[in-house]
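# A structural walkthrough
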Amino acid sequence: MKKPAPRETILSLFRLTPDGFVSGEHISTTLGISRTAVWKHIRNLRQAGYLIEAIPSRGYQLLSSPDVLMPESIQAGLDCRLVGSRVRCFEEIDSTNLQAARLGDEGAADGLVVIADRQSSGKGRMGRQWESPGGVNLYVSILLRPPILPFEAPQLTFVSAVAVCRAITSCTGLQPTVKWPNDILLHGAKVAGLLNEMSSETDQVHYVVLGIGVNLNMRQEQFPDNLRYPATSLVMASGRIVSRLDFTRSLLHEIDVLYQMYLEQGSAPIMSAWAELSELTGKVVQVDCNDRQITGTMIGLADDGALLVKTGAGKIESIYAGDVRPVEKCEG
């Protein structure tokens with residue numbers, strides 16, 4: 001992991017100090033810079049929106065932080081082995097997935113995180129647009145270089161799904177559910193979406209991009225009128241503003257833990273965790289595929305992430321792409 005930037009180190013010192021005070025001398029010694037350079041870094045942090053008070057004989061105290069996602073804020077004290085080894089934040093870009101892929105093609109390291117405050121061309125499944133207003137949500141893509149074969153890459157979608165659910169519960173106490181293949185729901189409304197993309201050859205994965213969009217503090221009036229599926233946000237569901245910084249750090253930690261589990265133990269524990277979050281297992285569903293509809297009982301997931309549906313005729317269908325919805329009973 002690269003050496004932390006000075007601002008990242010200073011923010012980490014604030015968070016690790018019990019009484020919140022950090023002396024200029026301590027910062028100077030830790031960073032190996034002059035007291036004048038310390039003051040310049042403090043000034044820059046203030047200009048970025050951090051409220052820092054200077055108390056004679058006690059040092060500097062961080063009173064509040066802006067809800068702006070910056071690499072040094074995210075990485076300060078981030079408890080991850082791999083994810084977040086490098087963080088790139090943008091005020092606006094076309095798509096975090098596209099940017100992560102560009103950086104991946106240029107040789108960016110495993111664990112790179114790309115975040116945008118807003119996206120001009122946010123991507124959803126099947127070419128759909130993901131609405132991406134600024135200042136309220138989280139739009140993040142994570143570049144991974146897993147030692148797996150291309151056919152195994154879809155399994156990583158379930159790493160993302162479980163991680164998002166755990167981060168939501170950790171930060172809000174809410175209990176989200178999952179909808180195959182890549183939606184996160186609260187009370188039946190979509191609160192987050194996933195879009196994983198891959199660069200590979202026949203027998204080698206170059207990289208996988210885990211794309212995640214979570215509606216954190218988006219209000220009802222900010223959602224477009226032509227949504228295909230009911231949508232919500234954490235603030236709408238909980239009634240409380242969610243810190244984008246806290247949520248981002250929680251999500252990256254959960255992804256890091258689950259990804260290490262996946263690499264060490266395979267897909268089974270991930271699929272099991274996902275199944276516990278699904279409300280449709282054992283229920284009758286209808287799956288709209290490209291050229292047909294399949295109705296039957298959802299019995300779980302295959303090892304490769306395919307949805308398993310048992311039809312009325314007793315045949316088990318493996319479905320790799322489609323939209324799922326519950327139905328009252330098998331038709332026909």
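For the structure, see preceding data.
Figured I'd write up the structure that's included with this text. (Residues numbered from 1 in each chain as written. Predicted model: local features only at pLDDT ≥ 70, side-chain atom pairs only at ≥ 80, totals over all residues. Heavy atoms only, no water.)

Our next topic: the nonpolar core. In this structure, Ile142, Phe247 and Leu251 are the most contacted members of the largest nonpolar core, which totals 64 residues. At 10 residues, helix H6 (residues 156-172) tops the list of elements feeding residues into this core. Apart from the residues within four sequence positions on either side, Leu251 is in contact with Leu138, Val140, Ala163, Val164, Ala167 and Ile212. Residues Ile10, Ile27, Ile52 and Met70 belong to the second largest nonpolar core, which totals 14 residues. (Core = buried A, V, L, I, M, F, W, Y, C linked by side-chain atoms within 4.5 Å. Buried < 20%, exposed > 50% of the residue type's maximum accessible area, 1.4 Å probe, protein only. Helix = DSSP H or I, 4+ residues; strand = E, 2+ residues; numbered from the N terminus. Contact = heavy atoms within 4.5 Å.)

Moving on, we get to the sheet that holds strand S13 (residues 307-311). Spatial ordering of the open sheet is given by S14-S13-S12-S11-S15, a layout of five strands whose pairing is antiparallel. Of all the strands in the sheet, just strand S14 (316-319) and strand S15 (323-326) have a single pairing partner and so form its edges. Across the sheet, the mean angle separating the axes of adjacent strands is 45° when strand polarity is ignored. As paired elements, strand S12 (residues 293-301) and S13 share five bridges and run antiparallel to each other. Its bridge partner lying in S13, Leu301 is registered against Leu307. (Pairing = 2+ DSSP bridges. Axes fitted to C-alpha atoms, helices over the stretch in contact; angles between N-to-C directions.)

For the rest of this paragraph, the subject is the packing of H6 against helix H9 (residues 268-276). When two helices pack together, their arrangement is given by the angle between the helix axes and by the axis-to-axis distance. Running from N to C, H6 and H9 point in directions that differ by 50°, and their axes come no closer than 9 Å. In terms of their interaxial angle, H6 and H9 are classed as oblique. In this structure, the crossing between H6 and H9 has a hand that is left-handed. Contact residues: Phe158, Val159, Ala161, Val162 and Arg166 in H6; Ile270, Met271, Ala273 and Trp274 in H9. Per-class residue counts for the contact of H6 with H9 are eight nonpolar, no polar and one charged. (Parallel < 35°, antiparallel > 145°, perpendicular 65-115°, else oblique. Left-handed = near helix turned anticlockwise from the far one by under 90°. Nonpolar A, V, L, I, M, F, W, Y, C, P; charged D, E, K, R; others polar.)

With that out of the way, let us pick up the sheet that holds strand S8 (residues 183-186). One open sheet holds the seven strands; their spatial order is S4-S5-S6-S10-S9-S8-S7, and the pairing between them is mixed. At either margin of the open sheet sits one strand with a lone partner, and together these are strand S4 (86-93) and strand S7 (177-179). Each strand axis lies, on average, 20° off the axis of its neighbour in the sheet, ignoring direction. For S7 and S8, the ladder comprises three bridges, and the chain directions are antiparallel. Residue pairing across strands places Thr177 opposite Leu185, the latter belonging to S8.

Now for helix H2 (residues 24-31). Turning to H2, its buried residues are Gly24, Ile27 and Ser28. The arc that holds every buried residue of H2, seen down its axis, measures 100°, which confines them to one face. Those residues of H2 that are exposed and aimed more than 90 degrees away from the buried face are Glu25 and Thr29. Summarising the contacts, the buried residues of H2 are in contact with helix H1 (6-16), strand S1 (21-22), helix H3 (35-47) and strand S3 (59-64). Looking one or two residues beyond H2, the residue adopting positive phi is Gly32, at roughly 70°. (Arc of directions from axis to C-beta.)

Once that is clear, we can look at the pairing of S13. Of all five residues making up S13, four are buried, and the element is well covered by its neighbours. Between S12 and S13, which follow one another and run antiparallel, lie five residues, and Gly305 among them has a positive phi close to 95°. The pairing of S13 with S14 spans four bridges and is antiparallel. When the sheet's bridge partners are listed, Leu308 is paired in S14 with Ser318.

Interhelical geometry of H6 versus helix H8 (residues 244-265) gives an angle of 140° and a closest axis separation of 8 Å. Relative to H8, H6 is oriented oblique. Seen from above, H6 lies across H8 with right-handed handedness. Of H8, the residues touching H6 (which contributes Leu156, Val159, Val162, Ala163, Val164, Arg166, Ala167, Ile168, Ser170 and Cys171) are Asp246, Phe247, Ser250, Leu251, Glu254, Ile255, Leu258, Tyr259 and Tyr262. A breakdown of the residues in the contact of H6 with H8 according to their chemical character gives 14 nonpolar, two polar and three charged.

Once that is clear, we can look at the state of the cysteines. Scanning the entire structure with this criterion turns up zero disulfides. Note on Cys165: no disulfide assigned, nearest cysteine sulfur contributed by Cys171 at a separation of 13 Å. (Disulfide = S-S within 2.5 Å.)

This next bit is on the environment of Asp94. Within the element layout of this structure, Asp94 appears in the loop between S4 and helix H5 (96-105). C-alpha separation for the pair Asp94 and Arg118, spaced 24 residues apart in sequence, amounts to 8.4 Å. Of the polar contacts made by the side chain of Asp94, one reaches the side chain of Arg102; its length is 2.4 Å. (Polar contact = N/O pair within 3.5 Å; in protein donor to acceptor, adjacent residues only side chain to side chain.)

It is worth spelling out the environment of Glu317 at this point. Tracing the backbone through its elements, the reader meets Glu317 in strand S14. Residue Glu317 is classed as buried on the basis of its relative accessible area of 11%. Spatially, the C-alpha atom of Glu317 lies 28 Å from that of Val209, the residues being 108 residues apart in sequence. Aside from chain neighbours lying at most four places away, what touches Glu317 is Arg292, Ile294, Leu307, Leu308, Val309 and Thr311. Looking at Glu317, its side chain comes within polar contact range of the side chain of Arg292, at 3.3 Å.

Keep in mind these numbers describe shape, not what the thing actually does.
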